[in-house]
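Close look at the chain arrangement
The primary structure of each chain is shown beneath.
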Amino acid sequence: MIKLQDVTKVYRTDTVETLALNNINLSVEDGEFVSIMGPSGCGKSTLLNMMGLLDRPSDGQVTIDEKELKGYKEKALAKFRNEHLGFIFQSFHLIGDLPVVDNVELPLLYRGTSAKERKRLAEEALEAVGLKNRMKHYPSQLSGGQKQRVAIARAIVGKPSIILADEPTGNLDSNLGNEVMDILLSLNRDRKATIVMVTHDENMALKTNRIIRLYDGSLVN
Amino acid sequence: MLKNYLKVAFKVLGRNKFYTFISLFGISFTLMVLMLTIAFIQNELGANKPLSQKEKILLVPGLRMEGYAREEIVEIDSTMVDGAWKYDTTKTENILEDQINSTSNSWVGNKFYENHIKDIKTAALTSVFSPMQSIDVFPNDRKLTLTTNATDANYWRIFDFEFVEGQPFSDAAIENQAFQAIMSKSAAQQYFGKKASYLGEVVTWGKLQFEITGIVKDINTSIPHLKHDIFIPYTHLPPSLLDYGWGQFGNMQLALLGSSSKQLETIRSDFRFIEENFEVQEEGYDKLTIKERTIEELYANNVLQNQERGSDKTLRWIVLVALLLFILIPTINLINLNSTRIMERSAEIGVRKAFGAHTGNLMSQFLLENVVLTGLGGLIGLGLTFFAMNWLNNSVWMENTQLAFNPNIFIYSLIVVLLFGICSGLIPAWRMSKMDVAKAIKRNQL
C-alpha cells in the first residue's frame, strides 16, 4: 500500500518559490489501479515522483508497504526502488546503446541476479508483452508501441509490487495506446500489481479502478 | 554487470567519434611523451652497464682552492717614558671567511690522490683516471679523432663495461706501463674496419703503439668520464699531466666505490676531514675543497649548469613537476570533455537510478568507461612509443642515446593510464551520479 500523509513539495530558486504539491493525503491500496488526472503543470508527475521515491517531499511522509521512507539514505532508497517499484515513462527511456534484452534486464543488474537468471526473467517479461522475438533488436529498430512494451517488460521483470506509469500512452496513437493499456490492465488483473498511472486521457483513466484529480497541487474530489 | 558496462562503454566510444578521437589523441600522445621521457632518464641515469653500481659511486671531477679577504688591524699603544711619548704599534690580520677573494679550480693531481684519497678506508675501491682531450690518429693515412681516457685497473672494477672481447687492464699492466689499449667497438670499427676480432691489433698513437687487449660495447649515456673511444693505462701519462701547479692539481679525476649508497656519506665526511686538515701552502689561498659528486649530481650539474652538491634533487623536482603539469593539462581537458559527455547521458543516469542504481554503481560504470577509453589510449600510446623510440634511436642527433623499451616503462605507463582514467572520470562521474533522479529523467531523451 502507498500512503502519502500531508505531503508538500515546494521548488525553490533564488527568486521564485513554486508550490507543486499542497498537503496531499492519499492512499493506494494493494492491487488497486489508480489514475491521476489534471491539467498540465498541476503536479501529477511530481506526485508520481513522490510515490516512486524519485524525489523527496519538502514536508510530509511517504509510506510504502508500511515502511516510512523519510530517513532512508540514497543507497537504501535505491535498493527499495529496485525491489518494490517499476517505472514506465512517457518517452520510454530505453537505453539506446543496449539491445532490448539488456534494457529489460536493467533492474536485475542492480539486484545482483546471475546473468543466466537475468536472461531467463527478461525473456519471460518480453514474452508477457509479446516481444520475445525482438530480444536482440536495438530500441532504434522498434516502433513507439514496441518501445513502450519493452519499457513495460523492464518495469515488471523484477516482479515489483507497484508499477508507476507516467503517461504511458502519451506518445502513442490510440490503437497502440489501447494495446499498452490492455497490458497494464492484465498486469493488474492477473499479477495483482498495484498500478498508479498519470494520464491526460479520460478514456484510459475510466478503465482504472479510481481516478485522482489534481488542480494546482491539491487533490480535487 | 561488467559485461553490460563494457557494452555501453564501447557503444559510447563509437557514438561520438570526434570526442573519442580527441580523447584518444590526448591520452596516447601524452603517454608517448611520458614514456619517452622515462626511457630517456633510464638511458641516462638508469643502473645500466657500465653504471650498474652507480648508487655506490662517488666521482671527484676536480678540486677548488679559495682565498679569503683579509683585514689588517693596527693597534697603537702610547706610553710616556722619561717625559716623552713612546708609541708601540701592533698589527693583526683577520681572515674574512665570508669574502672570497680568489678561487682556483682544476682537476685532481696524482700526488693528491696518492697521498690523501687512494687508501681512504671508507671506500671499497678508489680509482684515478684521466679523461683527456681528443687525439688524432692516422690509420691508413686517414685522419681519425678519438676521445681518450687513461685509467688504472680499479676503473674497470668500478665501472662495469660490457666487454665484447678481451678484458680490462690488470694491476700488473698498469704497474708495468704495458702498451695495451681497450677500444669501444665503434672506434675499433672506424680504426681497423669491420673485423671478427680486434684483439692483438695495434693502434699507433704518435710514436707509441698499443696492442688491443679489450673491446667494449658502446655505451649510451651522455655522462662524461665514461664515453671514450680508447683507453690506455694511466701510467703512460707524462709527469706534467699527472701533477702540476701546486702539487694537488693535475689532469686526473677520481672515482670511489662505497660498499653501499649510504657509505657515500661516510666518504663525504672523510673528504671534509681531509679539507679541514689540508695545509694550503700557496700564498693567497686558505682552503681546499674536494668537489665530489654522485653520478646523478654530476648529471644534474651538467644539465642545470651549476656546481652545487644536491643538484640531483633539484633536477628531480623539476622533472617531476614538469611531468605532473604535462599530465595535468590533458587530464583537465578530459574532465571537461567527460563532463559534457556524461551530461548528455543524464536521462540514462536517471533511468538507471530509478531502477535501483546507487551512486557507487554509477561511479563504477563511468570510471570503467574511462578506464576503457584510457586503456585504448594507452595501447595506442604504446604503439606510438615503439615507433618514436625506433625513430629516435636511428636519428643522428641523439647518437648518445639508445632508448630501450623495458617492462619498467610499461608498468609506469600502466600506472599513468590508470591514474588518467580515474582522475579524468572521477569528478564528472561523482557529479552526475549525485544528480536528482526526477530532474535527470526529464533532461533529455536517451
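Details of the structure are given in the entry above.
Notes on the structure follow. Computed from a prediction, not measured in an experiment: that's the story for all the values here.

Secondary structure summary: chain A contains seven helices and ten strands in total. Its C-alpha atoms give chain A a radius of gyration of 17 Å, within 12% of the compact-globule value 17 Å for 221 residues. Its C-alpha atoms give chain A principal-axis dimensions of about 50 × 40 × 35 Å. Expressed as a percentage of contacts within chain A between residues at least 6 apart in sequence, the contacts between residues at least 24 apart total 70%. Total accessible area on chain A stands at roughly 9700 Å², and carbon and sulfur atoms take up 46% of it. Where the 29 positive side-chain charges of chain A centre and where its 29 negative ones centre are 6 Å apart.

Looking now at the overall build of chain B. Each helix and strand counted, chain B has 14 helices and twelve strands in total. Here chain B, with 446 residues, has 49% of them falling under the buried criterion. Nonlocal contacts in chain B, meaning residues at least 24 apart in sequence, comprise 74% of its contacts between residues at least 6 apart. As displayed, chain B has an accessible area near 22500 Å², and 57% of this comes from carbon and sulfur atoms. Taking the average place of the 42 positive charges on the side chains of chain B and the average place of its 45 negative ones, the gap between the two points comes to 20 Å.

Another aspect to go through is unusual backbone geometry. A positive phi angle is found at Lys159 of chain A, which is not glycine, with a value near 50°. Mapped onto the elements of the fold, Lys159 of chain A is located in the loop between helix H5 (144-156) and strand E7 (162-166). Although it is not a glycine, Asp141 of chain B adopts a positive phi angle of roughly 60°. On the secondary structure map, Asp141 of chain B appears in the loop between strand E4 (134-137) and strand E5 (144-151). Assessed through its relative accessible area of 77%, Asp141 of chain B is described here as exposed.

Residue and element names in this part refer to chain A. As judged from the four bridges shared by strand E3 (residues 33-37) and strand E9 (residues 210-215), these two strands associate in the parallel manner. In the strand pairing of E9, Ser35 is matched with Ile211. Pairing between E9 and strand E10 (residues 218-220): three bridges, direction antiparallel. Following the sheet pairing, Arg213 is matched in E10 by Val220. If you look at the hairpin formed by E9 and E10, you'll find two residues sitting between the two strands, and Asp216 has a positive phi there, around 50°.

Another aspect to go through is the interface of chain A and chain B. Listed per partner, the contact involves 27 residues of chain A and 29 residues of chain B. Counting each side, the surface lost to burial between chain A and chain B is near 2500 Å², with a carbon and sulfur contribution of 60%. Broken down residue by residue, the surface that chain A buries against chain B is led by His93, Asp97 and Tyr110 of chain A, which jointly contribute 28%. The interface formed by chain A and chain B includes one salt bridge. Between Lys353 of chain B and Glu74 of chain A there is a salt bridge whose closest N-O contact spans 3.9 Å. If you list the elements that add at least two residues to the side of chain A that touches chain B, you get helix H2 (74-84), strand E6 (85-88), helix H3 (100-109) and H5 of chain A. For the side of chain A that touches chain B, the residue count by class is 14 nonpolar, five polar and eight charged.

Turning to the layout of surface pockets, a few remarks are in order. All names here are of chain B. Of the pockets and cavities examined, the largest pocket occupies roughly 680 Å³. Every residue lining the largest pocket is counted, 23 residues in all, and those nearest its centre are Ile38, Ile41, Arg316, Val319 and Leu323. Elements supplying a minimum of two residues to the lining of the largest pocket: helix H2 (17-45), helix H9 (295-304), helix H10 (311-343) and helix H13 (407-433). Ranked by residues supplied to the lining of the largest pocket, first place goes to H10 with eight residues. Each residue belonging to the lining of the largest pocket can be placed in one class, and the counts come to 18 nonpolar, one polar and four charged.

On the surface, a nonpolar cluster with roughly 710 Å² of combined accessible area is contributed by Trp317, Leu320, Val321, Leu324, Leu325, Leu328 and Ile332 of chain B. With respect to the secondary-structure elements, Leu325 of chain B resides in helix H10.

All names here are of chain A. Taken in spatial order, the four strands of this open sheet run E2-E1-E4-E5, and their pairing is antiparallel. One side of each edge strand has no neighbouring strand; the edge strands of this open sheet are strand E2 (17-28) and strand E5 (67-68). Pairing analysis gives two bridges linking strand E4 (residues 59-64) to E5, with the strands arranged antiparallel. Considered in E5, the bridge of Thr63 is made with Glu68.

Residue and element names in this part refer to chain A. Overall, mixed pairing links the six strands, which are arranged E6-E7-E8-E3-E9-E10 in an open sheet. Edge strands, defined here as strands with exactly one partner in the open sheet, are E6 and E10. If you compare each strand with its neighbour and ignore which way they point, the axes differ by 25° on average. Along the sheet, H5 contacts E6 and E7; its crossing angle with E6, the most-contacted strand, is approximately 170°.

A few words now on the packing of H3 of chain A against H5 of chain A. In a packed pair of helices, the relevant descriptors are the angle between the two axes and the axis-to-axis distance. Residue and element names in this part refer to chain A. At a closest axis distance of 7 Å, the pairing of H3 and H5 adopts a crossing angle of 35°. Once H3 is placed against H5, the crossing between them reads as right-handed. Residue-level contacts link Val100, Asn103, Val104, Leu106 and Pro107 of H3 to Val150, Ala153 and Arg154 of H5. Per-class residue counts for the contact of H3 with H5 are six nonpolar, one polar and one charged.

All names here are of chain A. Tracing the backbone shows Gln146 in helix H5. A polar atom in the side chain of Gln146 sits 2.9 Å from the backbone nitrogen of Ser143. Excluding residues within four positions of it along the chain, Gln146 makes contact with Leu131 and Arg134.

With that settled, consider H9 of chain B. Residues and elements named next belong to chain B. Of all the ten residues making up H9, seven are buried; the element is thus mostly covered by neighbouring parts of the structure. Taken together, the buried positions of H9 are Ile295, Glu296, Glu297, Leu298, Tyr299, Ala300 and Asn301. For H9, the elements touching its buried residues are H2, strand E1 (57-81), helix H8 (263-277), strand E12 (287-294) and H10. Phi for Gln305, located one or two positions after H9, is positive at around 55°.

With that settled, the discussion passes to the nonpolar core. With 73 residues, the main nonpolar core has Phe159, Met183, Leu256 and Phe271 of chain B as its most contacted residues. Here this core gets six residues from one element, more than from any other, and that element is E1 of chain B. For Met183 of chain B, the contacting residues outside a window of four places in its chain are Leu146, Ala188, Tyr191, Phe192, Val203, Ile212, Gly214, Ile215, Val216, Asp229 and Ile230 of chain B. Leu48 and Leu54 of chain A together with Met432 and Ile441 of chain B belong to the second largest nonpolar core, which has 53 residues in total.

Residues and elements named next belong to chain B. Relative to the assigned elements, Gly258 resides in the loop between strand E11 (253-257) and H8. Along the chain, Gly258 and Ile158 lie 100 residues apart, while their C-alpha atoms are 9.7 Å from each other. Discounting chain neighbours no more than four positions away, the residues touching Gly258 are Lys56, Ala124, Gln263, Leu264 and Ile267.

Reading the values: rules and limits
- Residues numbered from 1 in each chain as written.
- Chains lettered and ligands numbered in written order.
- Predicted model: local features only at pLDDT ≥ 70, side-chain atom pairs only at ≥ 80, totals over all residues.
- Heavy atoms only, no water.
- Helix = DSSP H or I, 4+ residues; strand = E, 2+ residues; numbered from the N terminus.
- Rg over C-alpha atoms; globule rule 2.2 N^0.38 Å.
- Contact = heavy atoms within 4.5 Å.
- Areas by Shrake-Rupley, 256 points an atom, 1.4 Å probe, with all protein chains shown as cover.
- Lys, Arg positive; Asp, Glu negative; His and termini not counted.
- Charge placed at Lys NZ, Arg CZ, Asp CG, Glu CD.
- Buried < 20%, exposed > 50% of the residue type's maximum accessible area, 1.4 Å probe, protein only.
- Pairing = 2+ DSSP bridges.
- Buried area = accessible area lost by both parts, 1.4 Å probe.
- Salt bridge = Lys/Arg side-chain N within 4 Å of Asp/Glu carboxyl O.
- Nonpolar A, V, L, I, M, F, W, Y, C, P; charged D, E, K, R; others polar.
- 1 Å grid on protein atoms, 1.4 Å probe; cavity = no way out; pocket = protein on both sides within 12 Å on 5 of 7 lines; lining within 4 Å.
- Points joined across faces, edges and corners; volume = space filled by probe spheres on them.
- Patch = residues over 30% accessible without salt bridge, like charges linked within 9 Å, V, L, I, M, F, W, Y side chains within 5 Å.
- Axes fitted to C-alpha atoms, helices over the stretch in contact; angles between N-to-C directions.
- Left-handed = near helix turned anticlockwise from the far one by under 90°.
- Polar contact = N/O pair within 3.5 Å; in protein donor to acceptor, adjacent residues only side chain to side chain.
- Core = buried A, V, L, I, M, F, W, Y, C linked by side-chain atoms within 4.5 Å.

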